[in-house]
Amino acid sequence: MRETREDLKELQALLDASLSRSTSHLRSIINTESTLTAEELTGVLTGMCTLALSTVTAKGEPRISGVDGHFLHGKWHFGTARKAAKARHLAARPAASAAHMRGEDLGVFTHGTVEILNPPGGEPAADWPDLLAYFKDFYGDNLFDWDNDVVYYRLHPHWMSVFAPDIAKLTAASRS
């Protein structure tokens, strides 16, 4: 867990606000008995979590693809090739949705706007050196040219909901 107390407080506020403004149908499925707290969620979302990432083309057509998601400081971080279609989509239209699902045990659904962490020829995010060190440690330093081959994003969520019908089972599995 890399979250500060402030990260956890902000994430909990987001989770609570998102659930409270969800439809009655969603609240009948995801409720206080079938969701996780911010602290529980950050304890479960460690390492790499495969995300289904949704972007939109210039014609307004939806596109979905998989990315390696890393939940750090209460937000999803992910990368792709600089020349990938999703990179073009996100550069033009930074709104995105992401879903991480583990069978029927966990669903994390997020809507928000991406920030480019290492823009080509631009000023990187203030925390990019720390994030880059994390990614290099996770993937290895020689996988590709980190400056030219890949672009990394942070998804700033405006809505996030978590479905976990058996919290004890899920948190026990993450501890083992």
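Rules and cut-offs
Residues numbered from 1 in each chain as written. Predicted model: local features only at pLDDT ≥ 70, side-chain atom pairs only at ≥ 80, totals over all residues. Heavy atoms only, no water. Buried < 20%, exposed > 50% of the residue type's maximum accessible area, 1.4 Å probe, protein only. Helix = DSSP H or I, 4+ residues; strand = E, 2+ residues; numbered from the N terminus. Arc of directions from axis to C-beta. Contact = heavy atoms within 4.5 Å. Core = buried A, V, L, I, M, F, W, Y, C linked by side-chain atoms within 4.5 Å. Phe/Tyr/Trp six-rings, centres within 6.5 Å; stacked < 30°, edge-to-face > 60°. 1 Å grid on protein atoms, 1.4 Å probe; cavity = no way out; pocket = protein on both sides within 12 Å on 5 of 7 lines; lining within 4 Å. Points joined across faces, edges and corners; volume = space filled by probe spheres on them. Nonpolar A, V, L, I, M, F, W, Y, C, P; charged D, E, K, R; others polar.

(A) Inspection of helix 4 (residues 85-92) at higher detail. Taken residue by residue, helix 4 has K86, A87, H89 and L90 as its buried positions. The buried residues of helix 4 occupy an angular sector of 160° when projected down its axis, which confines them to one face. Structural note: helix 4 exposes R88, A91 and A92 on the side pointing more than 90 degrees away from its buried face. The secondary structure elements touched by the buried residues of helix 4 are strand 1 (48-56), strand 2 (62-72), strand 3 (75-81), strand 4 (95-102), strand 5 (106-116) and strand 6 (150-163).

(B) Structural context of the environment of E39. Its location among the elements puts E39 in helix 3 (residues 38-44). Along the chain, E39 and K9 lie 30 residues apart, while their C-alpha atoms are 9.1 Å from each other.

(C) Quick look at the nonpolar core. The biggest cluster of nonpolar side chains holds 31 residues, and the ones touching the most others in it are L36, L41 and L106. Looking at which element gives the most residues to this core, the answer is strand 6, with 5 residues. With sequence-adjacent residues up to four places away left out, L106 is seen in contact with L36, V44, L45, H100, M101, V162, F163, A164 and L170.

(D) Looking closely at the packing of aromatic side chains. Applying the stated criterion across every chain yields a total of 10 aromatic pairs. Between Y134 and F135, the aromatic rings sit 5.3 Å apart at their centres with planes inclined by 70°, giving edge-to-face as the arrangement. Its relative accessible area of 0% is what places F135 among the buried residues. Ring geometry for F135 and Y152: centres 4.2 Å apart, planes at 25°, overall stacked.

(E) Geometry of the layout of surface pockets. Here the largest pocket is characterised by a volume of approximately 150 Å³. Lining the largest pocket are 13 residues; nearest its centre among them are Q12, D16, L19, T35 and L36. Of all elements in the fold, only helix 1 (5-20) and strand 6 reach the threshold of two or more residues within the lining of the largest pocket. A per-element tally of the lining of the largest pocket places helix 1 first, with 4 residues. Classifying every residue of the lining of the largest pocket by side-chain character gives 6 nonpolar, 5 polar and 2 charged.

In short, the description is geometric, and any link to function would need to be established separately.
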